[in-house]
Structures are given as C-alpha cells and as structure tokens.
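# Analysis of the macromolecular model
Each chain, written out:
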Amino acid sequence: MDTIFLSDLRVDTVVGIWDWERKIRQTVSIDLEMGADIRAAAASDCIDDTLNYKLVAKRVKAFVSDSSFQLVETMAEKIAGLILDEFAVPWVQVRVNKPGAIRGARDVGVQIRRSQTDD
Ligand SMILES: Nc1nc2c(c(=O)[nH]1)N=C([C@H](O)[C@@H](O)CO)CN2
C-alpha cells in the first residue's frame, strides 16, 4: 500500500475556544496522508487511475474555510470523516497545526489516523 500526501495546506478559518477567537479568522496548516495503490496510475499514466490530490485539497480547503470549530480535534476528526466518506481511500492521517497558538512554540495541534474499517 502506497501513500499520497499533501503538506502544509493553509486555510483561514474560525477556530478556538476563547471569545476573541470566535471573532477573527486564523490560519491553520493541514497535513494529509492517504492510503493508495498507485501502480495502475503509474502503468497507465492516467489521472483517472489514481486519487486526484487536487480534488481532495479543494474539498478540504472549502470545508475548513466554512467551519467554526472550537477544537483542532474536532476539525481533524471531521476532515478525516469527509475524506473517508467522499474519496475511496482505505485510510487517512490528518494533522491539524495551529501555528502561533502557543507563544514560544512553532506550532501546536493534533494528528489522527482513521480507516474505513474503524467502528
Ligand atoms: N487540546 C486542545 N487544547 C487547546 C485547544 C484545542 O483546540 N485543543 N485550543 C486552545 C485555544 O483555542 C488556543 O489554540 C488559542 O489560545 C487551547 N487549548
């Protein structure tokens, strides 16, 4: 099993637990890894035989941009569910980074891995 990845997808959104965070937009950085078998596409050289990461990026960016979650955990869970539901991948790893949320830290956030077989 191979992996298609997408790193540092930056999206402006409403996210946070403090009142002042509900009134502004902040930038989150999203990293995705998705299970894929790339052999058919490598043999055909045809985009129709693989997961088009551009479509995933566009869908995730629109979803996160329209969201207003309190926690990065909720955002990560919903992104994973969206990808599993709408794209035929067996598993997905989602990392949501909230740069600048913690003074003195480069970034902070959560990383989760979910699969189609999770209950
Ligand atoms: N586990 C979490 N802890 C915290 C979160 C979060 O989303 N998950 N969020 C905050 C604040 O919104 C912070 O990011 C900004 O001050 C604090 N802790």
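Criteria and cut-off values
Residues numbered from 1 in each chain as written. Predicted model: local features only at pLDDT ≥ 70, side-chain atom pairs only at ≥ 80, totals over all residues. Heavy atoms only, no water. Pairing = 2+ DSSP bridges. Helix = DSSP H or I, 4+ residues; strand = E, 2+ residues; numbered from the N terminus. Phe/Tyr/Trp six-rings, centres within 6.5 Å; stacked < 30°, edge-to-face > 60°. Lys NZ or Arg CZ within 6 Å of the ring centre and 35° of its normal. Near = heavy atom within 4 Å. Polar contact = N/O pair within 3.5 Å; in protein donor to acceptor, adjacent residues only side chain to side chain. 1 Å grid on protein atoms, 1.4 Å probe; cavity = no way out; pocket = protein on both sides within 12 Å on 5 of 7 lines; lining within 4 Å. Sits in = over half its atoms within 2 Å of the grid points. Nonpolar A, V, L, I, M, F, W, Y, C, P; charged D, E, K, R; others polar. Patch = residues over 30% accessible without salt bridge, like charges linked within 9 Å, V, L, I, M, F, W, Y side chains within 5 Å. Areas by Shrake-Rupley, 256 points an atom, 1.4 Å probe, with all protein chains shown as cover. Salt bridge = Lys/Arg side-chain N within 4 Å of Asp/Glu carboxyl O. Buried < 20%, exposed > 50% of the residue type's maximum accessible area, 1.4 Å probe, protein only. Axes fitted to C-alpha atoms, helices over the stretch in contact; angles between N-to-C directions. Parallel < 35°, antiparallel > 145°, perpendicular 65-115°, else oblique. Left-handed = near helix turned anticlockwise from the far one by under 90°. Contact = heavy atoms within 4.5 Å. Points joined across faces, edges and corners; volume = space filled by probe spheres on them. Core = buried A, V, L, I, M, F, W, Y, C linked by side-chain atoms within 4.5 Å.

What follows concerns the sheet that holds strand β5 (residues 109–115). For sheets, the rule is that strands pair by backbone hydrogen bonds, running either parallel or antiparallel. An order of β3-β1-β2-β4-β5 is seen for the five strands of this open sheet, with the pairing classed as mixed. In the strand order of this sheet, the two ends are held by β3 (68–69) and β5, each with one partner. Where strand β1 (residues 2–15) lies against β3, two bridges are found, and the strand directions are parallel. In the strand pairing of β3, Val 15 is matched with Phe 69.

All right, on to the packing of aromatic side chains then. The final tally for this structure, using the stated rule, is one aromatic pair. Positioned over the ring face of Trp 91 is Arg 113, at 3.7 Å from the centre of the ring.

With that out of the way, let us pick up the site of the ligand. The environment of the ligand is made up of Gly 16, Ile 17, Trp 18, Glu 21, Gln 70, Leu 71, Val 72, Glu 73, Lys 98 and Ala 101. Within the side chain of Glu 21, one N or O atom sits 2.7 Å away from an oxygen atom of the ligand. One of the backbone nitrogen or oxygen atoms of Val 72 is found 3.0 Å away from an oxygen atom of the ligand. Most atoms of the ligand, that is more than half of them, are within 2 Å of grid points of the largest pocket. Residue composition of the shell around the ligand, grouped by class: five nonpolar, two polar and three charged.

A few words now on a nonpolar patch on the surface. A contiguous nonpolar patch, built from Ile 17, Trp 18, Trp 20, Ile 24 and Leu 71 and spanning about 520 Å² of accessible area, is present on the exposed surface. Here Ile 24 is to be found in the loop between β1 and β2 (26–36). The partly exposed category is assigned to Ile 24, whose relative accessible area is 35%.

Think of two packed helices as two axes; the pair is described by the angle between the axes and how far apart they sit. Relative to each other, helix α2 (residues 53–65) and helix α3 (residues 72–86) sit at 140°, their axes nearing to 11 Å. Taken together, the axes of α2 and α3 lie oblique to each other. The chirality of how α2 crosses α3 is right-handed. Contact residues: Val 56, Arg 59, Val 60, Phe 63 and Val 64 in α2; Met 75, Lys 78, Ile 79, Leu 82, Ile 83 and Glu 86 in α3.

This part is about the layout of surface pockets. One number sums up the size of the largest pocket: a volume of about 280 Å³. Lining the largest pocket are 16 residues, with Glu 21, Lys 98, Ala 101, Ile 102 and Val 108 sitting closest to its centre. Looking at the lining of the largest pocket residue by residue, the classes come out as eight nonpolar, five polar and three charged.

The next point concerns the nonpolar core. Counting residues in hydrophobic clusters, the biggest one holds 31 residues, and the most contacted among them are Leu 32, Val 60, Ile 79 and Ile 83. For this core, the secondary-structure elements that each account for two or more residues are β1, β2, α2, α3, β4 (91–97) and β5. With sequence-adjacent residues up to four places away left out, Val 60 is seen in contact with Leu 9, Ile 30, Leu 32, Ile 79, Leu 82 and Ile 83.

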